[in-house]
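Breakdown of the fold
Residue-level listing of the chains:
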Amino acid sequence: MTVFPRDTRDTPLGTKNLTKLGTKTSYRLTSSLLPFSTSSSIFSAVNKHKPWIETSYHGVIPENMDTVLLDPPLVALDKDAPVPFAGEICAFKIHGQEAPFEAEVLNRTSGEGVLRAIGPVDCEAQKEYTFIIQAYDCGSGANGAGWKKSHKAVVHIQVDDVNEFSPVFQELEYHAAVTEGKIYDNILQVEATDQDCSPQYSQICNYDIVTPDTPFAIDRNGNIRNTERLSYDKQQRYQIMVTAFDCGQKRATDSVPVHIDVKPVCKPGWQGWNKRVDYEPGTGSKQLFPKMHLETCDGPLSAVKAMVELQTSHIGKGCDRETYSEKSLQKLCGAASGSTDLLPAPSFYTNWTASLLTDSGRDSDLIFRFDGRQAANVPEQVVPQNLTDQFTVATWMKHGPSPGLRAEKETLLCNSDKTEMNRHHYSLYVHNCRLVLLLRRDFTQVDTFRPAEFHWKLEQICDKEWHYYVINVEFPMVTLFVDGMTYEPYLVTDDWPIHPSSIDTQLTVGACWQGQCVRSVIRTKTLMFHSFFSSGGEVYSPRFTQYFRGSLSGLTIRPGKIETQKVISCLQACKEGLDINSLESLGKDIKFHFNPAQSVLVMEGEDLESLTTAMTKVSYINSRQFPTAGLRRLHITTTVQCFGEDTCVSIPDIKAVVMVLPPSEPRITIAGSDRLVRPVSDLRRATGVAPFRELRITSTVTKGDGMPGVLEVMHNLDYCDVLVIGDELDPEHESLEIPHSSLMGKHLDATNSTSGISIYGVDSMVHYEEALRQVRYRNWRPAALTNRKFRLTCSELNGRYTSNEFNLEVSILHNSPPVEHVNHMAVQSQYMRPVHHPLMVHTLNSHVSVATAVIVICIAALVVIVVLGIYRLHSTHQDSSRSEEDGAKDPETDWDDSALTITVNPMEVRDIISDRRRAVGGGGGVQLPTSKADLCRSDRSRPSGMARIAFLMSTLNLSWTWVLRF
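Here is what the cut-offs are and how they apply
Residues numbered from 1 in each chain as written. Predicted model: local features only at pLDDT ≥ 70, side-chain atom pairs only at ≥ 80, totals over all residues. Heavy atoms only, no water. Helix = DSSP H or I, 4+ residues; strand = E, 2+ residues; numbered from the N terminus. Buried < 20%, exposed > 50% of the residue type's maximum accessible area, 1.4 Å probe, protein only. Contact = heavy atoms within 4.5 Å. Core = buried A, V, L, I, M, F, W, Y, C linked by side-chain atoms within 4.5 Å. Phe/Tyr/Trp six-rings, centres within 6.5 Å; stacked < 30°, edge-to-face > 60°. Lys, Arg positive; Asp, Glu negative; His and termini not counted. Salt bridge = Lys/Arg side-chain N within 4 Å of Asp/Glu carboxyl O. Polar contact = N/O pair within 3.5 Å; in protein donor to acceptor, adjacent residues only side chain to side chain. Pairing = 2+ DSSP bridges. Axes fitted to C-alpha atoms, helices over the stretch in contact; angles between N-to-C directions. Disulfide = S-S within 2.5 Å.

Per an unreviewed UniProt entry, the chain goes by Calsyntenin-2 and derives from Esox lucius.

Below, the structure is given as structure tokens:
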């Protein structure tokens with residue numbers, strides 16, 4: 001705009017004579033200012049020249065000022081000077097863009113002017129301005145008429161910046177991670193900006209770490225580095241504060257935090273897993289590693305293979321299995337009936353296992369340990385008598401290598417001659433980590449060479465782990481199952497059948513029963529009694545040999561039938577193992593495989609992420625309602641392959657544990673009426689009375705967490721025993737029975753004896769209630785009986801959880817006053833079975849007949865005769881000994897036959913000796929002694945005279961009738 005100076009000379013040209021140009025602040029001279037309106041040529045003669053200014057100007061204005069510093073200064077000249085008005089400068093006019101500036105004339109005579117900002121200028125809004133300026137003179141008179149303007153000049157103005165803004169960081173905070181033990185040139189870079197417009201104040205010239213005593217430094221570009229090697233064990237995370245300065249040294253208002261995490265040296269391996277996983281019983285499947293991932297340190301991988309192993313060898317028989325009795329398990333798995341348990345629980349009735357060592361603390365799992373010094377003779381009434389060409393032998397076995405360089409036979413089961421002989425009819429033994437089944441037949445069955453020994457060589461036999469062995473015999477085919485897998489014998493040897501004899505056999509567990517043995521050699525011409533009764537002691541008493549070293553459980557024999565593959569798998573099945581949740585969610589490239597016991601899981605794939613996802617779904621499951629509490633160890637091995645290499649990254653193994661928490665123990669309660677009064681007529685009826693008709697069985701557990709209180713639960717039972725309190729039942733006039741129809745449709749069986757009745761089998765409490773309510777007591781001659789007392793107990797898991805003892809009294813109402821009853825205890829059988837193991841037992845009659853007395857008298861007379869004969873033989877032996885001392889007679893010369901001479905056919909003696917030699921060597925490869933040094937080398941005991949006579953008579957086929965005649 002144009003501004004005219006206000007001085008005394010300006011009066012003729014007042015502001016009222018200026019015309020405003022629109023809204024602009026510039027003014028122009030109008031024709032009304034001229035004193036004359038006739039013609040402009042009059043003024044032209046006075047104002048001849050136009051003002052002159054520079055062609056261009058450059059100016060600078062700071063943001064905090066309003067005056068522009070121009071170079072050159074704003075000055076207008078006019079050649080009409082010093083003519084008043086015509087030679088003076090009255091105004092400067094700005095043309096062009098809407099510039100926020102105005103020009104003011106400071107001195108009309110000198111033409112000096114100034115350029116000012118109309119309002120505040122902001123460098124950040126606009127740094128430069130360019131516009132046109134012109135100068136105007138005052139015309140030819142005071143009224144400004146005839147004014148002239150100069151040429152146009154270009155003005156360039158630059159707004160000078162002021163450092164008004166502080167630096168600001170781009171992020172609110174910064175994060176970085178470093179690996180321990182390394183020096184980094186650049187960990188991360190922080191960046192700050194400044195809103196000032198000039199390079200001087202908008203650029204960041206310096207950064208600084210405010211936090212003292214830190215192992216880090218920062219350069220002017222904001223790059224942070226560590227000044228020393230960092231240690232993960234010393235400090236895992238650092239936080240430092242950083243500030244910034246612009247080039248005007250103005251500091252940032254707020255410092256920024258920088259977080260630096262220290263990671264351990266990158267070690268390939270699984271991360272994000274817990275060393276212990278707690279498992280609550282009854283919760284189903286639980287994930288073991290839900291947050292696991294595999295760190296490979298950015299290695300280029302082509303395939304990953306992981307194997308998860310659940311180690312449960314210390315739990316029960318190799319894993320958590322059902323701990324029911326062998327009979328109950330066979331019933332539960334659908335096995336054929338008729339098996340005989342050779343290692344039942346020790347009790348008063350099954351006392352042949354009482355001397356064996358049991359492995360306690362196995363959660364009611366009955367395990368027997370044999371250390372090479374224990375064995376048991378199975379009672380004759382227990383031994384299966386109808387063992388044919390088809391039978392099954394099954395057992396759990398844990399066995400290790402035999403000590404010493406020369407391994408001896410270790411017998412699990414042996415059936416041999418009870419007396420006189422040493423023939424093995426059938427046996428199962430381990431020799432040099434080989435399992436051998438010996439099966440000798442009698443001449444009555446066949447008289448030819450037949451398969452007799454079946455050998456299996458397996459690693460499982462000596463790996464010190466539990467395995468389930470089942471031998472199915474369909475003679476001549478024999479098949480071995482180990483943990484459900486089939487194995488054929490690698491060696492089968494033939495042998496001659498055994499000669500028939502009337503000698504009883506003895507079934508032994510844990511060793512083999514050895515018969516008697518003769519040291520001296522019997523001559524074939526004349527039998528020398530002197531040599532047989534020599535002072536060295538030629539015969540030893542029966543004893544155990546070939547002891548077993550290891551652990552056994554559930555040893556059974558089932559004659560007449562073989563076991564199926566399905567039943568075998570059921571009997572050895574583990575109730576715990578590994579599992580995979582959501583199989584359908586696994587990647588298509590993931591391959592996995594379980595072993596039969598589900599204790600080993602192998603997973604492999606090409607994609608690391610897919611395999612990691614699959615591993616997070618690996619779970620542990622235990623389907624038992626009351627599992628065995630304790631640790632299960634987990635072992636994970638991983639193999640990584642890279643492109644073109646077999647292995648490139650070594651992944652450390654993982655060792656973790658699954659802790660199975662103790663289950664809430666059930667409390668089994670038997671309730672009902674404890675007294676039953678019935679008339680005599682009810683007991684005499686064919687159906688008898690039902691003592692337990694009002695019986696009720698319940699089970700409760702106490703919950704302490706989540707839902708505290710007592711809760712009723714349902715579970716199975718495996719046996720209930722009804723025991724007779726007081727005198728045992730007299731089978732001549734009373735019985736305790738259960739109808740067979742009440743057991744049909746249930747997994748139950750029953751057996752009874754004079755001691756009571758046992759119902760066994762794995763089944764629900766409801767079925768046991770129904771069966772017990774059908775138990776009947778009968779007494780068809782109860783004249784002298786006033787009451788009968790019974791005691792009922794039930795069990796779950798083979799005695800792990802037992803019920804209360806429920807006592808019931810049956811009172812008998814008589815029509816006449818009852819007479820005093822005298823108790824007569826019946827003679828108990830020596831091997832009475834426990835009532836929860838089904839073996840039929842019959843009590844012996846306590847009455848001694850007259851025939852028994854006659855037999856005792858005859859035996860006494862026989863003993864007297866034998867003693868006299870022994871005394872005479874002994875006298876003869878002493879005479880012979882004196883002759884030997886004098887050197888008059890050789891020890892092997894003929895016995896003096898002055899007292900007695902027995903002539904024997906040499907051919908008969910040779911045949912007899914040959915048969916006896918084959919009989920003695922009939923057990924599994926036993927060699928016949930060939931000299932006196934080899935005869936019964938292991939025993940130095942001196943036999944009794946009665947034993948010598950008995951053995952000699954057996955050898956010569958002599959009878960007691962011949963002795964009595966003698």
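Moving on from the model shown.
1. Thoughts on the overall build of the chain
A count of helices and strands for the chain gives twelve helices and 60 strands. Here the chain holds 966 residues, and the buried ones make up 46% of them. Considering only contacts in the chain between residues 6 or more positions apart, those separated by 24 or more positions represent 72%.

2. Focus: the nonpolar core
Counting residues in hydrophobic clusters, the biggest one holds 52 residues, and the most contacted among them are F692, I697, I759, L772 and L792. With sequence-adjacent residues up to four places away left out, L772 is seen in contact with F692, L695, I697, C720, V722, I759, L792 and C794. Counting residues in hydrophobic clusters, the runner-up holds 39 residues, among them F368, V393, L428 and V482.

3. What to know about the packing of aromatic side chains
This model, assessed by the stated rule, comprises 13 aromatic pairs. Ring centres of F169 and Y207 lie 6.2 Å apart, and the angle between their planes is 45°; on these two criteria the pair is classed as tilted. A residue pair is termed long-range when its members are at least 10 positions apart, and F169 in strand β12 (residues 168–169) and Y207 in strand β16 (residues 204–209) qualify at 38 residues. In terms of burial, F169 and Y207 fall into one category: buried. Ring plane angle 80° and centroid distance 5.4 Å describe the contact between F216 and Y238, whose orientation is recorded as edge-to-face. Remark: Y238 occurs in strand β19 (residues 237–246) and F216 occurs in strand β17 (residues 216–218); sequence separation between them is 22 residues. Taken as a pair, F216 and Y238 share a single burial class, namely buried.

4. Digging into the side chain of E63
Of note, E63 is situated in the loop between β4 (56–62) and β5 (67–71). No salt bridge is formed by the buried E63. Its closest oppositely charged neighbour is K127, at 9.7 Å. At 2.6 Å, the side chain of E63 forms a polar contact with the backbone nitrogen of C123. At a separation of 3.0 Å, a polar atom in the side chain of E63 contacts the main-chain amide nitrogen of V162. Aside from chain neighbours lying at most four places away, what touches E63 is V121, D122, C123, E124, V159, D160, D161, V162 and E164.

5. Quick look at the sheet that holds strand β38 (residues 491–495)
With antiparallel pairing, the seven strands of this open sheet are ordered in space as β29-β39-β31-β32-β33-β34-β38. Only two strands of the sheet have a single partner each, and these edge strands are β29 (376–378) and β38. For this sheet, the mean inter-axis angle between neighbouring strands, taken without regard to orientation, is 20°.

6. Here's the deal with the state of the cysteines
Each disulfide is one covalent bond, formed between the sulfur atoms of two cysteines. For the structure shown, the criterion picks out nine disulfides. Paired by a disulfide, C414 and C512 hold their sulfur atoms 2.0 Å apart. Placement of the pair is C414 in strand β31 (residues 410–417) and C512 in strand β40 (residues 512–514), with a sequence separation of 98 residues. The exposure classification of C414 matches that of C512, with both residues buried.

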